Amino acid sequence: MAGPNQSKVGKLKLGVGCSMLDVGRWVGGLLQMTDTFYPTGAYAHSFGLEGLAQEGVVRDRATLRTFLLEQVLPQLAHTDLPVAAQAWVAAGKPTDWKRLRELCFLGSAMRGAREPREASEAIGRQRLELAALLHGGLAAKFNQRALTGNWPHPSCVAAAIEGRTLGAPCEAVLAAIIYSTTAGLTAASVKLLRLGQNACQTLLAEALAQTPALIAEALAVGPGDIGAFNPWWDVAAARHEAADFRLFIS
């Protein structure tokens, strides 16, 4: 059985060596937390996709593919993923509560439009409450401090706290975020576009094939380099608030 080892990727030092027994302790919980059956309310959000569909920017599989591969995933590698990675490090032992607080506010501020920001907050809060209920430990301590200090609960930080609570390595947490993000958007696209399940699954598989490269890119992003500029996505999300009709909350 291989012993623990340390891997340095980019600017973070992460423990990635683990035995099959170690994996068995966290993989089931991580699968549970990324399952659509897990009651986070994510199914009610399109995270701006409905606004883009209403504008005619995303209208079929080809334009959805462009949106995912050229907009969503590159932005994820410079926003949610590095925040989650740095939150995972801060949530180690001893826990750096000051840094976690900073990352909570940063994770919330990264979203320019109100609806996606509130969606991330609602989902993150629900995930952390469930993690505390199911597993206690770090998640329960985090919730107590966040409540006392009135911290935001961005979903990316929530994912890091969940992962640490379960004992999952950072790379697994980031992979779960990539899956949840792309799966959520492709699931929403079925309701918004003339798109079948098979078309969505092939697109999801293509997007997930980029996971190793996205994780490596995210781990190389320093604290001062976190952020992305995508005004057309923000504008579409903001216009969604005043739409005459809509299927999704965001």
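Let us look at the structure shown here. For every chain, the first residue of the written sequence is number 1, and numbering continues from 1 along that sequence. Only residues with pLDDT of at least 70 get local features here, since the model is predicted, and only at 80 or more are side-chain atom pairs given and counted; chain-wide, interface and lining totals rely on the full set of residues. To obtain the side-chain values, all non-hydrogen atoms of the structure were used and water was disregarded.

Some thoughts on the packing of aromatic side chains
Going by this rule: Side-chain rings of Phe, Tyr and Trp, where Trp is taken by its six-membered ring, are said to pair if the distance between their centres is within 6.5 Å; with planes under 30 degrees apart they count as stacked, over 60 as edge-to-face, and otherwise as tilted. Exposed residues in this analysis have more than 50% of their type's maximum accessible area, buried residues have under 20%, and partly exposed residues fall in between, with area computed by a 1.4 Å probe over protein chains only. Criterion for a charge above a ring: Arg CZ or Lys NZ at most 6 Å from the ring centre, at most 35 degrees from the ring normal.
Throughout the structure, instances matching the rule amount to 1 aromatic pair. Plain terms: the ring middles of F142 and W151 are 5.7 Å apart, the flat faces sit at 70 degrees to each other, and that makes the pair edge-to-face. For the residue pair F142 and W151, the accessibility class agrees, reading buried in each case. Between the NZ or CZ atom of R164 and the centre of the ring of W88, over which it lies, the distance is 3.6 Å.

Some thoughts on the nonpolar core
Selection criterion: Buried Ala, Val, Leu, Ile, Met, Phe, Trp, Tyr and Cys residues that are joined via side-chain atoms within 4.5 Å together make up what is termed a nonpolar core. Contacts between residues were defined by any pair of non-hydrogen atoms, one from each residue, lying within 4.5 Å.
Of all hydrophobic cores here, the largest spans 52 residues; its most connected members are L81, L100, F142, V157, I161, L174 and I177. Once you skip the residues sitting within four places of it in the chain, I177 turns out to touch L76, L81, A84, C156 and A159. One finds V58, F67, C200 and L203 within the second-largest nonpolar core, a separate group that totals 16 residues.

Notes on the state of the cysteines
Convention followed: A pair of sulfur atoms, both from cysteines and within 2.5 Å, is called a disulfide here.
Under the criterion given, the structure shown has 0 disulfides. Free cysteine C104: the closest other cysteine sulfur is in C156, separated by 8.3 Å. We classify C156 as buried; its relative accessible area is 1%.

Observations concerning the packing of helix 6 (residues 114-135) against helix 7 (residues 137-149)
Just so we agree on the cut-off: To get an axis, a line is fitted to the C-alpha atoms, and for a helix only the part in contact is used. The angle between two axes follows their N-to-C directions and goes from 0 to 180 degrees. Here a strand is any run of E in DSSP of at least two residues, a helix any run of H or I of at least four, and the numbering for each starts at the N terminus. Just so you know how the angles are binned, under 35 degrees is roughly parallel, over 145 roughly antiparallel, 65 to 115 roughly perpendicular, and the rest oblique. Left-handed is the label given to a crossing in which the near helix is rotated counterclockwise from the far helix by less than a right angle, and right-handed is the label when the rotation is clockwise. When residues are sorted by character, Ala, Val, Leu, Ile, Met, Phe, Trp, Tyr, Cys and Pro go into the nonpolar class, Asp, Glu, Lys and Arg into the charged class, and all the rest, Gly among them, into the polar class.
Where helix 6 meets helix 7, the closest approach of the two axes is 7 Å, and the angle between their N-to-C directions is 135 degrees. Relative to helix 7, the element helix 6 lies oblique. Crossing geometry of helix 6 relative to helix 7 is assigned as left-handed. Contact residues: L128, E129, A131, A132 and H135 in helix 6; G137, A139, A140, F142 and N143 in helix 7. Looking at side-chain class alone, the contact of helix 6 with helix 7 contains 6 nonpolar, 3 polar and 1 charged residues.

Re helix 11 (residues 211-219)
Condition: The arc in question is traced by the directions running from the helix axis to the C-beta atoms.
Looking at helix 11, one finds that the buried residues are T211, L214, I215, A218 and L219. End-on view of helix 11: buried residues confined to an arc of 130 degrees, all on one side of the axis. Exposed side chains of helix 11 directed beyond 90 degrees from the buried face belong to P212 and A213.

As for the environment of K191
As for its placement among the helices and strands, K191 is situated in helix 9 (residues 170-192). Each C-alpha atom, one on K191 and one on L247, is 8.3 Å from the other, the two residues being 56 residues apart in sequence. Once you skip the residues sitting within four places of it in the chain, K191 turns out to touch Y43, L247 and F248.

Quick word on helix 6
Note: α-helices contain 3.6 residues per turn, so residues at a spacing of three or four share the same orientation. Convention followed: By this rule the span expected of a helix is its residue count minus one, scaled by 1.5 Å.
In this model helix 6 runs 31 Å from its N-terminal to its C-terminal C-alpha over 22 residues, within 8% of the 32 Å that 1.5 Å per residue would give. Buried within helix 6 we find E115, P116, A119, S120, E121, I123, G124, R127, L128, L130, A131 and A132. Positive backbone phi, at 65 degrees, marks G136, one or two positions downstream of helix 6.

A few points about the side chain of E50
On the secondary structure map, E50 appears in helix 2 (residues 49-55). Residue class for E50 comes out buried when judged on its relative accessible area of 3%. Once residues lying within four places of it in the same chain are set aside, the contact partners of E50 are L192, H240, F245, R246, L247 and F248.

Limitation: the analysis is restricted to geometry and does not speak to function.
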